[in-house]
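Single-letter residue listing:
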Amino acid sequence: MRRLILGVMLAAFATVSAAAQDEAGRLKAEAAGVTITRDDWGIAHVRGHTDAQAVFGMIYAQAEDDFGRVEANYLTSLGRTAEAEGEGKIRQDLRQRLFIDPEDLKAQYAASPAWLKTLMDAWADGLNYYLATHPKVTPRVIRHFEPWMALSFSEGSIGGDIERVDLADLAAFYGGKPEVHAEVDTGFKEPTGSNGIAIAPADTVSGHALLLINPHTSFFFRSELQVTSDEGLNAYGAATWGQFFIYQGFNPHAGWMHTSSGVDNVDRFAETIVRKDGRLFYRYGADLRPVTVSRITLSYRTAGGAQAERTFTVYRTHHGPIVARSGDKWISIALMNTPTTALEQSFLRTKASDYASYIKVAELKANSSNNTLFADDKGEIAYLHPQFVPRRDDRFDYTKPVDGADPATDWKGLHALSEVPSVVNPSVGWVFNTNDWPYSAAGPDSARREAYPKYMDTAGENARGLHALRLLHGRHDFTPFALMTSAYDSYLPAFALMIPALGEAWDQLPAGDPLKARLADQVAFLRAWDDHWAVNSTETSLAVFWGEALWARASQDPDAEGVPVYEHLAHRTSAAQKLAALAEASDRLTADFGSWRTPWGEINRFQRVTDDIVPTFSDAEPSIPVPFTSSQWGSLASFGAKRYPGTKRDYGTNGNSFVAVVEFGPRVRAVAVTAGGESGDPASRHFDDEAVRYAQGNLREVYFYPEQLTGHTERTYRPGE
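Criteria and cut-off values
- Sequence positions are assigned chain by chain, starting from 1 and proceeding in written order.
- It should be noted that, the model being predicted, local features are given only for residues of pLDDT at least 70 and side-chain atom pairs only at 80 or more, the latter also being counted only at that level, while totals for whole chains, interfaces and linings use all residues.
- Calculation of side-chain values draws on the structure's entire complement of heavy atoms; hydrogens and water are dropped beforehand.
- Strands are runs of DSSP state E lasting at least two residues, helices are runs of H or I lasting at least four, and both sets are numbered from the N terminus onward.
- Here the expected span of a helix is defined as 1.5 Å times the quantity of residues minus one.
- Buried means the residue's accessible area, taken with a 1.4 Å probe over protein chains only, is under 20% of the maximum for its type, while exposed means over 50%, and partly exposed covers the values in between.
- In this description, strands pair whenever DSSP reports at least two bridges between them.
- We call two residues in contact when some of their heavy atoms are within 4.5 Å.
- Between N-to-C directions, angles cover 0 to 180 degrees, with each direction set by a line fitted to C-alpha atoms, over the stretch in contact for helices.
- Aromatic contacts are taken between Phe, Tyr and Trp rings whose centres are within 6.5 Å, Trp giving its six-membered ring; a plane angle under 30 degrees counts as stacked, one over 60 as edge-to-face, and the others as tilted.
- Counted as salt bridges are all cases of a side-chain nitrogen of Lys or Arg within 4 Å of a carboxyl oxygen of Asp or Glu.
- As used here, the term nonpolar core means buried Ala, Val, Leu, Ile, Met, Phe, Trp, Tyr and Cys residues forming a set that is joined through side-chain atoms within 4.5 Å.

K.L.:
What exactly am I supposed to notice about helix H15 (residues 538–554) here?
P.N.:
Helical periodicity: at 3.6 residues per turn, an α-helix aligns residues three or four positions apart in one direction. With 17 residues, H15 ought to run about 24 Å at 1.5 Å a step, and its terminal C-alpha atoms sit 25 Å apart, in line with that. Counting buried positions over the 17 residues of H15 gives 14, a clear majority of the element.

Shown next as structure tokens:
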């Protein structure tokens, strides 16, 4: 009997071993069709014979650069972060799993088009081959990637629609408290978003279209690389860690830049819940419909390092999952949740060669959160609104929960692309978006606000939009360098509006008021300023500290809702608030830096010492001065910085992250820069080799064509070598 058992065990082991060897051989053969060339900035130029081989190499290269961020993104998208970071993340995981069900994704993978399945297979193979050839790399959770997992993260935005669900509300409904991070709370909230500008040939010196690609995201959120195949794929740009498509970038003929949209297409419904015969129902018109009840079990890491589980009973209506409570109403949420179509659209648009082919892909209508700025080598330019826009009854205010019991509030299909406020080839010769409304995207040639439902935009104007209009209007001499210079134009329109109001407040003070004398020098100082940031500007320091202190006083004002920050601070705060904030700013600058006349570059810093996803900062560690400011004040070049525990200086964590200017001539030309560097390894010279260029807005040449890599190649190899 013992010999029989031993024989069975040995046979099983041999089978597993043979299977493992076959798998290793298969992956090695797949890798043999891929070439990775690293340029002198460490950027990967990946080539495969097929799209699948290119995807294999693309994701392998990303894993080489920063596997930790690749895995972290899939822990988030799969709802498994608590398995690595503990119970404090379990509400975040629950939020994800309300929409992302692994069993459903497996079924969607099985039903996907053959070409997409092939790419998902290659994606998983590339990651698994990286882990197999790098045994010293220890994943926190995911030790083997499955193809269906790619569907959990298919759209590319830094904050997907799911993040609209408030974790505190979710915790209040389903139990427990969300994780709270300790940080210095100044009351000031950094805007998120991006800039995009497209210039038509008529407004350029060369007669070729230009495109500015300027995402504002968390730093180190995306990889810069090129991916090419013999099947027509040749895209360069920024790819969100772990995804197999270029999210913001260009190919030899066309370019695309996404900016976060103010469209309202995530809606909440107030559900009337009825308990009857021990069951839950919700009212819908004259009917009672059963509430769908299910259970979600989540794992989490305990303090001792073991895994434990929590099971949640969750509820849904036809609108979507229940995510909050308001009085006696349960709040459900409706949003786009079409992973397969979203992944199709995200990849296929990278192969579009002109506007017609790009818009054909857009007809998939699986882009919900992004405006697009487009340009191509035919000279076409466009501002495109998100394509996923539910048709609704415009009588209702969808920025607030609507009555889920009223069938009139329901979504009624999607708008046609012709029904959303886009602009194609405007006569002014330019389009832009700065996360503001679409109704100034092409100046006088923009879509008319009154022609569209109000849910087409909730963003309104912003200071960056005013700045962009000022730079673009009436100009016909753009070059790539001129567009790059415009992207770093130092004007701060918010302060141009706010400082005169501050001066008026000071003028109105009685002569005997103590603030009259105390603030006289500061007011005169700011009045004489030209409203432009600079690394050596002391006025920038005082203005920014004043603006943040004033915002802390005004942010709780209910009248601030729906009003641009600069407008509210200039005209809706009191004279006393303005002056008290200036006194506070002066005192803080003096206490922390010795004088309220401290150069901005002494305060506003870029620092990259570790690759921790949640960064920490220290005034004792090396850092680099950054001249540009928060986008809140209208700086097109955005640097979202603040104090951290133990620091006096402000350190940036988001804003300009990847910047590129592209010219679409007979041969595409581009310059670009990435925050810090391409590698996540602090020991690599590419960890921070772009940091100074980043801070100075000094973009480098992009090596798009193979001959451009001559003399600029560090290494050429195949995955696994």
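K.L.:
Explain the pairing of strand S16 (residues 329–334) here, please?
P.N.:
Where burial is concerned, most of S16 is hidden: five out of the six residues are buried. Direction of pairing for strand S9 (residues 267–271) relative to S16: antiparallel, over a ladder of five bridges. Each residue of the ladder has a partner; that of Ala270, found in S16, is Ile331. Judged from the four bridges that link them, strand S15 (residues 320–326) and S16 form a sheet pairing that is antiparallel. Residue pairing in the sheet places Ser326 in a bridge with Lys329 of S16. The turn linking S15 back onto S16 is made up of two residues, and Gly327 within it adopts a positive phi angle of 65°.

K.L.:
Teacher, can you tell me more about helix H11 (residues 480–487) here?
P.N.:
Among the residues of H11, Ala482, Leu483, Met484, Ser486 and Ala487 are the ones counted as buried. The secondary structure elements touched by the buried residues of H11 are strand S3 (193–199), strand S4 (209–218), helix H10 (463–472) and strand S26 (658–664).

K.L.:
Explain the sheet that holds strand S11 (residues 279–284) here, please?
P.N.:
Where strands meet in a sheet, backbone hydrogen bonds hold them as pairs that are either parallel or antiparallel. With antiparallel pairing, three strands are arranged side by side in an open sheet as S10-S11-S12. This sheet does not close on itself; its edge strands, each paired only once, are strand S10 (273–276) and strand S12 (287–290). The sheet shows a mean angle of 45° between the axes of neighbouring strands, direction not considered.

K.L.:
Which parts of the structure should I look at to understand the packing of aromatic side chains?
P.N.:
The description of an aromatic ring pair uses the distance of the two centres, along with the angle that the planes make with each other. Counted under the stated rule, the structure contains 43 aromatic pairs. Geometrically, the ring pair formed by Tyr358 and Phe374 is tilted, given 5.1 Å between the ring centres and 45° between the ring planes. Of this pair, Tyr358 sits in helix H9 (residues 355–362) while Phe374 sits in strand S17 (residues 370–376), placing them 16 residues apart in sequence. Exposure remark for Phe374: the relative accessible area of 0% places this residue in the buried category. A centroid spacing of 6.4 Å and a plane angle of 85° characterise the contact between Tyr398 and Tyr455, whose relative ring orientation is edge-to-face. Residue Tyr398 is located in the loop between strand S18 (381–384) and strand S19 (402–403), and its partner Tyr455 is located in the loop between strand S21 (430–433) and H10; the two are separated by 57 residues in the primary sequence. Using a relative accessible area of 5% as the deciding quantity, one classes Tyr398 as buried.

K.L.:
Got a minute to help me understand the pairing of S17 in this structure?
P.N.:
For a regular strand, side chains alternate in direction, first toward one face of the sheet and then toward the other. Most of S17 sits out of view: seven of its seven residues are buried. Of the two faces of S17, both are covered, the one formed by Asn370, Thr372, Phe374 and Asp376 as well as the one formed by Asn371, Leu373 and Ala375. Direction of pairing for strand S8 (residues 254–260) relative to S17: antiparallel, over a ladder of seven bridges. Residue pairing for S17: Trp256 is matched across the bridge by Phe374. The sheet contact formed by S17 and S18 spans four bridges and is antiparallel. Bridge assignment links Ala375 to a residue of S18, and that residue is Ile381. Between S17 and S18, which pair antiparallel and follow one another directly, the connecting turn spans four residues, one of which, Gly379, has a positive phi of 90°.

K.L.:
How should I be thinking about the pattern of salt bridges in this particular structure?
P.N.:
Pairing between side chains of opposite charge can happen when their charged atoms approach one another. With the rule as written, the count across this model stands at 34 salt bridges. Here Glu224 ties to Arg700 by a salt bridge, and the two come within 2.5 Å at their closest N and O atoms. Here Glu224, found in strand S5 (residues 222–229), pairs with Arg700, found in strand S28 (residues 700–701); they are 476 residues apart in sequence, far enough to count as distant. With relative accessibility at 3%, the residue Arg700 sits in the buried group. Through salt bridges with shared partners, one network takes in Glu23, Arg26, Glu30 and Asp125.

K.L.:
Is there a simple way to think about the nonpolar core in this case?
P.N.:
Side chains of a nonpolar character, in soluble globular proteins, are inclined to be buried together. Counting residues in hydrophobic clusters, the biggest one holds 101 residues, and the most contacted among them are Phe250, Phe495, Met498, Trp546 and Phe606. For Phe495, the residues in contact, after removing those within four places along its chain, are Pro500, Trp529, Asp531, Ala543, Val544, Trp546, Gly547 and Trp633. With 94 residues, the next largest nonpolar core counts Leu27, Ala122, Leu151 and Trp241 among its residues.

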